[in-house]
Amino acid sequence: MTDLLPCPFGDADKMALAMVGVVFCMARDDAGLSIAEAASLSGVAPGDLIDAERGKDVPALSLLRLCRLYEVDPFEWVGLAPKLRECGLTPQEARVFTVLLCRGAATRVAMLTGLYRDSGRRGGGIVKVIVCNLRKKLKRLGIEIHTRRGEGWCLDEAQRESLWQMLWRPQA
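None of the values given here were measured: they were computed from a predicted structure.

Conventions and cut-offs
- One numbering rule holds for all chains: residues counted from 1, following each sequence as written.
- Local features are withheld for residues below a pLDDT of 70 in this predicted model, meaning they are given only at 70 or higher, and side-chain atom pairs are given and counted only at 80 or more; totals for whole chains, interfaces and linings count all residues.
- Side-chain descriptors were evaluated using all non-hydrogen atoms of the structure, hydrogens and water having been removed beforehand.
- Numbering of helices and strands runs from the N terminus, with a helix taken as a DSSP run of H or I at least four residues long and a strand as a DSSP run of E at least two residues long.
- Remark: nonpolar core denotes a set of buried residues (Ala, Val, Leu, Ile, Met, Phe, Trp, Tyr, Cys) joined through side-chain atoms within 4.5 Å.
- Each residue is assigned to one of three classes by its accessible area relative to the maximum for its type, calculated with a 1.4 Å probe on protein chains only: buried under 20%, partly exposed between the two thresholds, exposed over 50%.
- Contact criterion: two residues are considered in contact whenever any of their non-hydrogen atoms come within 4.5 Å of each other.
- Two strands pair under a simple rule: DSSP has to find at least two bridges between them.
- In this description, a line fitted to the C-alpha atoms serves as the axis of each element, helices being fitted only across the stretch in contact, and the angle between N-to-C directions of two axes falls anywhere from 0 to 180 degrees.
- By definition, the arc is the one covered by directions from the helix axis to the C-beta atoms.

### Examining the environment of P91
Part 1 of the argument: Locating P91 in the fold gives a position in helix α6 (residues 91-103).
Part 2 of the argument: As a C-alpha pair, P91 and L17 span 74 residues in sequence and 9.8 Å in three-dimensional space.

### What about the nonpolar core?
Part 1 of the argument: One finds F24, F97 and M111 to be the most contacted residues of the largest nonpolar core, which totals 47 residues.
Part 2 of the argument: If one sorts the elements of this core by residue count, helix α1 (residues 11-31) sits on top with 9 residues.
Part 3 of the argument: Aside from chain neighbours lying at most four places away, what touches F97 is L84, L89, L134, L138, L155 and L163.

### Quick look at the sheet that holds strand β3 (residues 152-154)
Part 1 of the argument: Overall, antiparallel pairing links the 3 strands, which are arranged β1-β3-β2 in an open sheet. The open sheet terminates on both sides in strands that have one partner only, identified here as β1 (105-106) and β2 (146-148).
Part 2 of the argument: Pairing of β1 with β3 involves 2 bridges; the strand directions are antiparallel. The residue of β3 that forms the bridge with A106 is W153.
Part 3 of the argument: Where helix α8 (residues 125-139) meets the sheet, it contacts β2 and β3, and its direction lies at approximately 20° from that of β3.

### Considerations on unusual backbone geometry
Part 1 of the argument: Phi at E71 takes a positive value of approximately 55°, unusual for a residue other than glycine.
Part 2 of the argument: One can find E71 in the loop between α4 (60-70) and α5 (74-86).

### A closer look at helix α3 (residues 46-53)
An α-helical turn contains 3.6 residues, so any two residues separated by three or four positions project in the same direction.
Part 1 of the argument: For α3, the complete set of buried residues consists of D48, L49, A52 and E53. Each buried residue of α3 sits inside an arc of 135° when the element is viewed along its axis, so together they form one side.
Part 2 of the argument: Just past α3, the residue G55 takes up positive phi, approximately 80°.

Have a look at this one:
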């Protein structure tokens, strides 16, 4: 028996792990914690923390400790991922959508951080391409991504709230 989460996952499960990784990365950034500080606070090895933020396999206990530290319910994201997969979202598009859903509005740098953990690693052009593709795919669902000059991209607050309710409504 292994203490790693079983892999390979189905596409939706891989996407859920990637989305949880984005949430971890944003939470650590919001708290102003370095990787070493977050690892120490959670009792997780720094390598596991980095892998979790990248959406890679990590020991189950490390994932649970990070969920506790950042107050993340991973099952919310496991429920959301199949719905996004049905819409044809790629893992990169799902990561950008996760940033928008969590933050409401996001700059190019915030989206790059959600994509790669390190906003300096890639050019900003990829964000424009991903947002363009996301707009096309999400428009079919009535979801619009708006551009705000000087602020980046955003979801309208009422739409964002209805998305949260729709995506995590208890199943009967």
